[in-house]
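Architecture at a glance
Each chain, written out:
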Amino acid sequence: QVQLVESGGGSVQAGGSLRLSCVASGFTLDRYHIAWFRQAPGKEREGVAIISSPDSRTYYIDSAKGRFTISRDNAKNTVYLQMNALKPEDTAVYYCAAVLLRRKASLPPDQLPVVLFDMKTQSDYWGQGTQVTVSA
């Protein structure tokens, strides 16, 4: 079965940390760009972070920079999102998504935000989501 499965969500107080995991089954993540998205009630889904293949370049939206870290462990076929200094505004359902590499060369750094945006509608696989709740 081809799927992405997120885990690690939960409820924390402001300033706390969570580590989300996204495990791929049926395909290998080293051939995919991977991103984390989130969707809060009443808001559109937004890209939070992306990590590229094969060079593992990263990009974060401004609100996540300095607090979130996306990483990958190809041996475990897993991508992580370490979230520190969490704020109530981070409360959302978090989804991981994967898109197959479409070019042989590494993505130029300036393209990462574009790819992240495009993945909102063009990802090949999506996880089921994991709830993150941050209380004040």
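Above this text sits the structure in question.
Conventions adopted
Residues numbered from 1 in each chain as written. Predicted model: local features only at pLDDT ≥ 70, side-chain atom pairs only at ≥ 80, totals over all residues. Heavy atoms only, no water. Phe/Tyr/Trp six-rings, centres within 6.5 Å; stacked < 30°, edge-to-face > 60°. Helix = DSSP H or I, 4+ residues; strand = E, 2+ residues; numbered from the N terminus. Buried < 20%, exposed > 50% of the residue type's maximum accessible area, 1.4 Å probe, protein only. Pairing = 2+ DSSP bridges. Axes fitted to C-alpha atoms, helices over the stretch in contact; angles between N-to-C directions. Arc of directions from axis to C-beta. Contact = heavy atoms within 4.5 Å. Core = buried A, V, L, I, M, F, W, Y, C linked by side-chain atoms within 4.5 Å.

**Looking at the packing of aromatic side chains**
- Under the counting rule described, the total for this entry stands at five aromatic pairs.
- Measuring from centroid to centroid gives 4.5 Å for Phe27 and Tyr125, while their planes differ by 20 degrees, and the two rings are stacked. In this pair, Phe27 is assigned in the loop between β3 (18–25) and β4 (32–39) and Tyr125 in strand β10 (residues 125–126), connecting sequence segments 98 residues apart.
- For the pair Phe37 and Trp126, a centre-to-centre distance of 5.0 Å together with 55 degrees between the ring planes defines the contact as tilted. Of the two residues, Phe37 is situated in strand β4 and Trp126 in strand β10; the sequence distance between them amounts to 89 residues.
- Judged by relative accessible area, which is 0%, Phe37 ranks as buried.
- Members of the aromatic cluster, joined through ring pairs, are Phe27, Tyr32 and Tyr125.

**Regarding the sheet that holds strand β7 (residues 68–73)**
- The four strands are arranged β1-β3-β8-β7 in an open sheet whose pairing can be described as antiparallel. Since the sheet does not close on itself, it has two edges, and those belong to β1 (3–7) and β7, each with one partner. Averaged over neighbouring strand pairs, the angle between their axes works out to 15 degrees when direction is ignored.
- Bridge analysis of β7 against strand β8 (residues 78–83) gives six bridges, and the strand direction is antiparallel. Each residue of the ladder has a partner; that of Ser71, found in β8, is Tyr80.

**Some points on helix α1 (residues 112–122)**
- Taken together, the buried positions of α1 are Leu112, Val115, Leu116 and Met119. An end-on view of α1 places all buried positions within 100 degrees of arc, on one side of the element. Exposed and oriented more than 90 degrees from the buried face of α1 are Phe117 and Thr121.
- Residues of α1 that are buried in the fold lie against β4, β5 (46–51), β6 (58–60), β9 (92–100) and β10.

**Quick notes on unusual backbone geometry**
- Of note, the bond from Ser53 into Pro54 is cis; its omega dihedral lies within 30 degrees of zero at 5 degrees.
- Inspection of the secondary structure puts Pro54 in the loop between β5 and β6.
- Here the phi dihedral of Ser56 falls at roughly 55 degrees; this positive angle occurs in a residue that is not glycine.
- Inspection of the secondary structure puts Ser56 in the loop between β5 and β6.
- Overall, the relative accessible area of 32% leaves Ser56 in the partly exposed class.
- Despite not being glycine, Ala85 has its phi angle at roughly 50 degrees, a positive value.
- Residue position: Ala85 is located in the loop between β8 and β9.
- The exposure class assigned to Ala85 is partly exposed, which follows from its relative accessible area of 38%.

**As for the nonpolar core**
- Trp36, Phe68, Leu81, Met83 and Tyr94 are the most contacted members of the largest nonpolar core, which totals 30 residues.
- If you list the elements that add at least two residues to this core, you get β3, β4, β5, β7, β8, β9 and β11 (130–135).
- If you look at the next biggest cluster of nonpolar residues, it comprises ten residues, including Ala35, Val99, Leu107 and Met119.

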